[in-house]
Amino acid sequence: VLDFAWAEDPISLFWIVLTDGTMACMTYNRPMNIVGWHKHDTQGKIKSIAVGNKNGESRLIALVDRGSGGLKLEVSASTGAPVDSRVTVVLDTPGVTVTGLDSLDGFDCQVVADGAVHPNRTPVGGEITLQLAATVVEVGLGYSKQISTLPFDKGSQKGSGRSHTKRYKDIYLKLVDSAIPFINGQIPPIRHPVTPMGEREPNTAVLVKVFNLGWTDDAIVDIVQDGPLNLKIAGIYGEVSQDSI
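The model shown is predicted, which means the values in this text are computed figures rather than measured ones.

What counts and how
Residues numbered from 1 in each chain as written. Predicted model: local features only at pLDDT ≥ 70, side-chain atom pairs only at ≥ 80, totals over all residues. Heavy atoms only, no water. Helix = DSSP H or I, 4+ residues; strand = E, 2+ residues; numbered from the N terminus. Buried < 20%, exposed > 50% of the residue type's maximum accessible area, 1.4 Å probe, protein only. Pairing = 2+ DSSP bridges. Patch = residues over 30% accessible without salt bridge, like charges linked within 9 Å, V, L, I, M, F, W, Y side chains within 5 Å. Areas by Shrake-Rupley, 256 points an atom, 1.4 Å probe, with all protein chains shown as cover. Salt bridge = Lys/Arg side-chain N within 4 Å of Asp/Glu carboxyl O. Axes fitted to C-alpha atoms, helices over the stretch in contact; angles between N-to-C directions.

K.L.:
Tell me what's going on with unusual backbone geometry, and back it up with residues and numbers.
P.N.:
Geometrically, the link from Asp-9 to Pro-10 is a cis peptide bond, its omega value of 0° lying close to zero. Here Pro-10 is to be found in the loop between strand S1 (3–7) and strand S2 (13–17). A positive phi is found at Asp-114, a non-glycine position, where the angle reads about 50°. Residue position: Asp-114 is located in the loop between strand S9 (109–113) and strand S10 (116–121). Its relative accessible area of 46% is what places Asp-114 among the partly exposed residues. Despite not being glycine, Ala-219 has its phi angle at roughly 55°, a positive value. Note that Ala-219 resides in the loop between strand S16 (215–216) and strand S17 (222–225).

K.L.:
With reference to specific residues and values, describe the pairing of S2.
P.N.:
Counting buried positions along S2 gives four out of five residues, so the element sits mostly inside the fold. Here S1 runs beside S2; their pairing, made up of five bridges, is antiparallel. By the bridge assignment for S2, Asp-3 is matched with Val-17. Two successive antiparallel strands, S1 and S2, enclose a turn made up of five residues. Looking at chain direction, S2 and strand S3 (residues 23–29) are connected through five bridges and run antiparallel. By the bridge assignment, Ile-16 is partnered in S3 with Ala-24. Where S2 folds back on S3, the antiparallel hairpin that results is connected by five residues, among which Gly-21 adopts a positive phi of roughly 90°.

K.L.:
Describe a nonpolar patch on the surface, with residues and values.
P.N.:
Nonpolar side chains collect at one region of the surface, where Leu-63, Leu-71 and Leu-73 lie side by side and expose about 310 Å² of accessible area between them. Secondary-structure assignment places Leu-73 in strand S7 (residues 71–75). In this structure Leu-73 comes out as exposed when scored by relative accessible area, which is 66%.

K.L.:
I'd like a description of the sheet that holds strand S8 (residues 84–98), backed by residues and values.
P.N.:
Across the sheet, four strands lie side by side as S8-S11-S9-S10; this open sheet has antiparallel pairing. Two strands lie at the open edges of the sheet, namely S8 and S10, each paired on one side alone. Neighbour-to-neighbour, the strand axes of the sheet open up by a mean angle of 35°, direction not taken into account.

Here's what the structure looks like:
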C-alpha cells in the first residue's frame, strides 16, 4: 500500500493506492451489511490520492503518471462521460475541429460528441477532427466497466451443488440511468423505433433481459460496458436450472 483516502459522500469508499500503480477500493455500508472490494486501473500509474469536497460530494483527487504525458492531477466527477483524464470542450458553434486536448496527445482516446459515442481519436498537437459537427465534445482514456457475480451454489440433496452444471434460463438486469451493457457476452436490443436515426439511444432505467445462456459450472453473470457510457446496476435477477446428477 502506497497511499489511502476515505470518501464519505454520497457513498462510503475507502481508496487504496497499490505499489503497481493500480487502486483497490472498499465500498462500506455497515447498516446494510455491505463490505465489498473492487479494483481500478488506468493507462499509467497512480502515485498518490486525496479526497476533497465539492457541493456536498466527496471527490477523489489523484496524481497520475501518464508516461510520456507526465504527471497529471486529476479529479473524479459524478457527471459526464465515464473516461479517465477527461477533457470537455464546448464549441461556440457546431464544428468538427476540437482543440485544447494537449494533455491527451498521443493517446488513443474515446470520444463522446453531443452525447453520442464517436469513433476513437488520437489527439495530435492537442487537436482532433470529428466525423460530424458537434458542440459539446468529451475526450478521454477509455476503460472497461465490469461486474462479475460470485459462483452460484444452489445446493443439492447431497449438500453442495458445486459439482453440478447450471444454466441461467433468463437473466434480468435492473439499470439506473445507463446504456445497455453486454450480459454474459450478449447484448439485448438497444434500438427502439421511437429513437430518431442519427441519435444515440438514451440512457434507460428499464429491466433488460437475456436468455438461453448455456450450461456452466459456476453460473457466473458477467456484465461489461466497454464504451464511454454510464453503467449503474440496481439489481441482478435470474432463473437458474441445475442438472440432477
